[in-house]
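One-letter residues, chain by chain:
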Amino acid sequence: MLPGTLWLIGTVACFVAAGISVVPFVPLIGRAALSVVLLTGVLVAAAFGIVPDPRNTGVHVLGLIAVCVLTVVAGSAVTGTVLELAMPDDAEKGPHGGILVATADEPAPIRAGTEVLRGGTVIGYLERFAIVGAALVGHLEIVAAVIAIKGLGRFTELDTAAARERFIVGTLTSACWAGVGATAAMVLR
């Protein structure tokens, strides 16, 4: 198969995987695994010199867009999978996407739980979009600003160990995934 055809198939697969990554009835680990395999495939293909012909601009542009969409959208499935594997089972999910944590000043049997870290999915999309965009335009200092803004915005919610741990694991996973995706996108630039 010609590299252009192979990249075109990979491009379609990336768009399909991005779509599958948000389908709730597909197991989270399956959504994440598909995305990880595809992004790894892009990096391996590039390492072996299997890249589209530079004269085929359409394949380059479509491939770049597909990898960026996969990185931004599927990052939620990847981050969610890592959080499920890394976090203890006692982190109860809240009704708005956060986690329920008990405040220290409530007695143990009465602790109702306050929802913290709400909106993490949307924040994750924006974070990964900013990181990939920063890499593509060559201004990696934007990544530091994104992480700083995220930390400052969540500062008041990080008063329990469970919230701090979830924030750190989620942020690092999302940022690392965005870095891998940005690297794959740079191959197609």
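From a predicted model like this one, the values you see are computed outputs, not experimental measurements.

Caption draft 1: Layout of the overall build of the protein chain. Regarding its fold elements, the protein chain presents six helices and three strands. Counting the 189 residues in the protein chain, one finds 37% classified as buried. Counting only contacts in the protein chain whose residues sit at least 6 apart along the sequence, the fraction spanning at least 24 positions is 69%.

Caption draft 2: How the structure looks around the pattern of salt bridges. Applying the stated criterion across every chain, the model contains one salt bridge. A salt bridge links E127 to K150; its shortest N-O distance comes to 2.8 Å. Residue E127 is found in helix 4 (residues 120-137), and its partner K150 is found in helix 5 (residues 141-154); the two are separated by 23 residues along the sequence.

Caption draft 3: Spotlight on the environment of V37. Position of V37 among the secondary structure elements: in helix 2 (residues 28-47). Judged by its relative accessible area of 57%, V37 is exposed. As for V37 and A17, which are separated by 20 residues in sequence, their C-alpha atoms are 10.0 Å apart.

Caption draft 4: Looking closely at the nonpolar core. If you look at the biggest cluster of nonpolar residues, it comprises 29 residues, and the most contacted ones within it are V67 and L70. Elements represented by at least two residues in this core include exactly helix 1 (3-20), helix 2, helix 3 (57-86), helix 4 and helix 6 (161-188). Setting aside chain neighbours within four positions, we find L70 in contact with C14, A17, A18, S35, L38, L39, G75 and W177. Formed by six residues, the second largest nonpolar core is a distinct cluster that contains V101, L117, L158 and F167.

Caption draft 5: Focus on a nonpolar patch on the surface. On the surface, L8, F15, V61, L62 and I65 cluster together to form a nonpolar patch covering roughly 390 Å² of accessible area. At three residues, helix 3 tops the list of elements feeding residues into the nonpolar patch. Residue classification places L62 among the partly exposed positions, given a relative accessible area of 38%.

Caption draft 6: Layout of helix 4. End to end, helix 4 covers 25 Å across 18 residues, agreeing with the expected 26 Å (1.5 Å per residue, within 8%). Of the positions making up helix 4, those classed as buried are G124, E127, R128, I131, V132, A134, A135 and L136. For helix 4, the elements touching its buried residues are helix 3, helix 5 and helix 6. Of the residues one or two after helix 4, G138 is the one with positive phi, at around 80°.

Caption draft 7: View of the packing of helix 3 against helix 4. Packing of helix 3 against helix 4 leaves a shortest axis separation of 9 Å and a crossing angle of 145°. In the crossing of helix 3 with helix 4, the sense of the turn from one axis to the other is right-handed. Only T121, Y125, R128, F129, V132 and L136 of helix 4 make contact with helix 3, whose side of the interface consists of L64, C68, T71, V72, V73, G75, S76 and T79. Tallied by class, residues from the contact of helix 3 with helix 4 come to eight nonpolar, five polar and one charged.

Caption draft 8: Representation of the packing of helix 2 against helix 6 in the model. Contact geometry for helix 2 and helix 6: axes closest at 9 Å, N-to-C directions at 40°. For the element pair helix 2 / helix 6, the angle class is oblique. Crossing hand, helix 2 versus helix 6: left-handed. Residues S35, V36, L39, V42, L43 and A46 of helix 2 form the contact with helix 6, whose own contacting residues are W177, V180, G181, T183, A184 and V187. Across the contact of helix 2 with helix 6, the residue classes tally to nine nonpolar, three polar and no charged.

Thresholds applied
- Residues numbered from 1 in each chain as written.
- Predicted model: local features only at pLDDT ≥ 70, side-chain atom pairs only at ≥ 80, totals over all residues.
- Heavy atoms only, no water.
- Helix = DSSP H or I, 4+ residues; strand = E, 2+ residues; numbered from the N terminus.
- Buried < 20%, exposed > 50% of the residue type's maximum accessible area, 1.4 Å probe, protein only.
- Contact = heavy atoms within 4.5 Å.
- Salt bridge = Lys/Arg side-chain N within 4 Å of Asp/Glu carboxyl O.
- Core = buried A, V, L, I, M, F, W, Y, C linked by side-chain atoms within 4.5 Å.
- Patch = residues over 30% accessible without salt bridge, like charges linked within 9 Å, V, L, I, M, F, W, Y side chains within 5 Å.
- Areas by Shrake-Rupley, 256 points an atom, 1.4 Å probe, with all protein chains shown as cover.
- Expected span 1.5 Å × (residues − 1).
- Axes fitted to C-alpha atoms, helices over the stretch in contact; angles between N-to-C directions.
- Left-handed = near helix turned anticlockwise from the far one by under 90°.
- Nonpolar A, V, L, I, M, F, W, Y, C, P; charged D, E, K, R; others polar.
- Parallel < 35°, antiparallel > 145°, perpendicular 65-115°, else oblique.

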